[in-house]
Amino acid sequence: MPAADTGASTETSSVDACASASSVPVPVPVPEQLSPGRPGYLRMRLALFTAGLATFALLYSTQALLPAISDDLHVQPDQASWSVSAATFGLALAVLPLSALSERFGRRAMMTGSLTVAVAIALLVPYAPDLNWLIGLRAVQGAALAGIPASAMAYLSEEVQPKALVGAIGLFVAGNSVGGMSGRIITGWVADGWGWRMALAAVGAMALLCAVAFRLLLPKARHFTPAAVSPRALARTVAGHLSDPLLCRLYAIGALFMTVFGGVYTVIGYRLVAQPFGLSQSMIGSIFLIYLVGTVSSAATGKLVGRLGRRGALYVAVSTTAAGLLLSLLDSIAAVLLGLVLITAGFFAGHAAASSAVSRTAKTGRAQAAALYQASYYIGSSAGGTLGALAFHAAGWSGTVLLGLAAVAGAASVTLYATRKAKAERCAESARRELRGVPARA
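Engineer: Teacher, can you tell me more about the pattern of salt bridges here?
Structural biologist: Side-chain pairing between opposite charges can occur once the charged atoms of the two side chains come close. Within this structure, the stated rule accounts for one salt bridge. Note that D331 is salt-bridged to R271, the shortest N-O span being 2.9 Å. Of the two residues, D331 sits in the loop between α15 (301–327) and α16 (333–361) while R271 sits in helix α12 (residues 245–273), which places them 60 residues apart along the sequence. Take D331: its relative accessible area is 59%, and that puts it in the exposed class. For R271, a relative accessible area of 8% gives the class buried.

Following this line, the structure appears as structure tokens:
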């Protein structure tokens, strides 16, 4: 006789059905990337602006102080210039390993940790007993700062819509220019009253405020996927980027532009403190207000690229920089200032165009692609600072200008080669289409 129906089987079947239904994966909506007008976009831009500000203020904090450091520590300009070059060289060496770690621990965490360590060292730098200690601390500080630039570029490429990427990167670069300007102005004015050590302490305090604001403002990453750090995979990624002709050209352009900029701004203080100018340390620091021109030109580069294309924008940047170098040769403070304006505008436009192109070109390993650009960029800065100081020691300001013109000519040659190569590829493609009977594109 069949057992009485208690209803248990029905309930079990219902539970099983529900469990089965619940086991079906429910698609998780992918958050939209940040774009103008969307929540978090303004906070993101402000956060990365403060990160860029702190990075450049710390990285070049000794640059405007080089004449004072030379006098106080009794060293030559080329020796004192290592307090700048050591920081940029440390950044160049560390940027690739730290960008790889950002793939594992996240862009936000890497930028926060890097800025925290760099600020801590900034509070120790004023107590350096001699030039060797100063150079050593600055090298470590530069290595700590290496976690910011490449991670910032990767964060932007992941979190920001492509159409808004150039503008977002432009504002980050603008933060660099404001940081470079404010750091130099603060050090110049403070050094006149309290010495170069107190000036460095003031920059450290400003960077501390920027670090706090950055951590509070930056939105959490919504498109980052952690990946294991494998040295072999990293080597393959780096080799792939270095075998890409377009990326290599962009790396070379970044390095050459920075060679000009590093040489000019490392040496300009020595020129202006001497005759026929004889400016004070505070007045030399005020010269760096010209960095505001870089803020404008880098932020406007997106429109320039949209109108002229990447190579067209680079030609404008090269021409502007070369004109500024030549104008700065005149022994007139007005001519020197106008020359610095043109050099600054050209440099920041070229840097913004090249760096944004790297982010668009790299389809995989974007953090490593950006890191390689940053490494070449800061190697150019180290070379420019050291070689510019040596050229100044050997031949005066004209020697520094000659070095800058050689670097500008190199950037122009790389861009011209790319233009001719692109034209040849278009002609070859047109010929292939004609052979296939396909009408040529309008």
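Engineer: What is the right way to look at the packing of aromatic side chains in this model?
Structural biologist: We describe a pair of aromatic rings using the distance from one ring centre to the other and the angle between the two ring planes. The tally for this structure, following the rule as stated, stands at 10 aromatic pairs. Here the aromatic rings of F261 and F347 are separated by 4.0 Å at their centres, their planes lie at 10°, and the arrangement is stacked. Taken together, the residues F261 in helix α12 and F347 in helix α16 connect sequence positions 86 residues apart. With respect to burial, F261 and F347 carry one shared label: buried. When the ring of Y377 is compared with that of Y378, the centres are 4.7 Å apart and the planes differ by 85°; the resulting orientation is edge-to-face. Under the relative-accessibility criterion, Y377 is labelled buried at 1%. By relative accessible area, which is 2% here, Y378 ends up buried. Following the ring pairs from residue to residue traces out a cluster consisting of F261, Y265, F288, F347, F348, Y373, Y377 and Y378. Lying over the aromatic face of F105, R104 brings its terminal NZ or CZ to 5.4 Å of the ring centre.

Engineer: Can you help me understand the nonpolar core in this one?
Structural biologist: Nonpolar side chains in soluble globular proteins generally cluster together in the buried interior. In this structure, L48, Y265 and Y378 are the most contacted members of the largest nonpolar core, which totals 123 residues. It is α12 that provides the largest number of residues to this core, a total of 14 residues. The residues contacting L48, other than those within four sequence positions of it, are M111, A152, Y155, L156, F172, F214 and L218.

Engineer: Please explain the packing of helix α17 (residues 366–395) against helix α18 (residues 397–435) as it appears in this structure.
Structural biologist: For any two helices packed against each other, the geometry is given by the interaxial angle and the distance between the axes. Where α17 meets α18, the closest approach of the two axes is 6 Å, and the angle between their N-to-C directions is 140°. As far as their axial angle goes, α18 and α17 are oblique. Relative to α18, α17 is oriented so that their crossing is right-handed. Residues G384, L387, G388, A391, F392 and A395 of α17 lie in contact with α18, whose contacting residues are W397, S398, G399, T400 and L403. Looking at the contact of α17 with α18 residue by residue, the class counts come to six nonpolar, five polar and no charged.

Engineer: Just checking my understanding: could you explain α15 for this structure?
Structural biologist: For an α-helix, 3.6 residues make a turn, and residues three or four places apart therefore share a direction. In a regular helix each residue adds 1.5 Å, so 27 residues correspond to 39 Å; α15 covers only 23 Å between its end C-alpha atoms and thus falls short of that length. Its axis deflected by about 110° at L308, α15 carries its strongest bend there. Every buried residue belonging to α15 is among T301, V305, G312, A313, L314, A317, V318, T321, A322, G324 and L325, and all of these are buried. Each element contacted by the buried residues of α15 is listed here: α12, α14 (291–299), α16 and α18.

Engineer: What is the right way to look at the packing of helix α6 (residues 107–122) against helix α10 (residues 196–217) in this model?
Structural biologist: Packing of α6 against α10 brings their axes to within 9 Å, and their N-to-C directions diverge by 160°. Judged by the inter-axis angle, α6 sits roughly antiparallel to α10. By crossing handedness, the relation of α6 to α10 is classed as left-handed. Between α6 and α10, the contacting residues are R108, M111, T112, L115, V119 and A122 on the first element and L200, G204, A207, L208, A211, F214 and R215 on the second. Its residues placed into classes, the contact of α6 with α10 shows nine nonpolar, two polar and two charged.

Engineer: Explain the side chain of R107 to me, please; I cannot follow it from the model alone.
Structural biologist: Tracing the sequence through the fold places R107 in helix α6. In this structure R107 touches S99, S102, S151, A154, Y155, E158, F224 and A367, once residues within four positions along its chain are discounted.

Engineer: Is there a simple way to think about the environment of G396 in this case?
Structural biologist: Along the polypeptide, G396 turns up in the loop between α17 and α18. Sequence separation between G396 and I333 is 63 residues, and the spatial gap between their C-alpha atoms is 16 Å.

Engineer: How should I be thinking about a nonpolar patch on the surface in this particular structure?
Structural biologist: A cluster of nonpolar side chains, contributed by F89, L93 and I379, occupies part of the molecular surface with about 300 Å² of accessible area. Along the chain, L93 falls in helix α5 (residues 82–105).

What counts as what
Residues numbered from 1 in each chain as written. Predicted model: local features only at pLDDT ≥ 70, side-chain atom pairs only at ≥ 80, totals over all residues. Heavy atoms only, no water. Salt bridge = Lys/Arg side-chain N within 4 Å of Asp/Glu carboxyl O. Helix = DSSP H or I, 4+ residues; strand = E, 2+ residues; numbered from the N terminus. Buried < 20%, exposed > 50% of the residue type's maximum accessible area, 1.4 Å probe, protein only. Phe/Tyr/Trp six-rings, centres within 6.5 Å; stacked < 30°, edge-to-face > 60°. Lys NZ or Arg CZ within 6 Å of the ring centre and 35° of its normal. Core = buried A, V, L, I, M, F, W, Y, C linked by side-chain atoms within 4.5 Å. Contact = heavy atoms within 4.5 Å. Axes fitted to C-alpha atoms, helices over the stretch in contact; angles between N-to-C directions. Parallel < 35°, antiparallel > 145°, perpendicular 65-115°, else oblique. Left-handed = near helix turned anticlockwise from the far one by under 90°. Nonpolar A, V, L, I, M, F, W, Y, C, P; charged D, E, K, R; others polar. Expected span 1.5 Å × (residues − 1). Bend = angle between axes of the 7 residues up to and from the residue. Patch = residues over 30% accessible without salt bridge, like charges linked within 9 Å, V, L, I, M, F, W, Y side chains within 5 Å. Areas by Shrake-Rupley, 256 points an atom, 1.4 Å probe, with all protein chains shown as cover.

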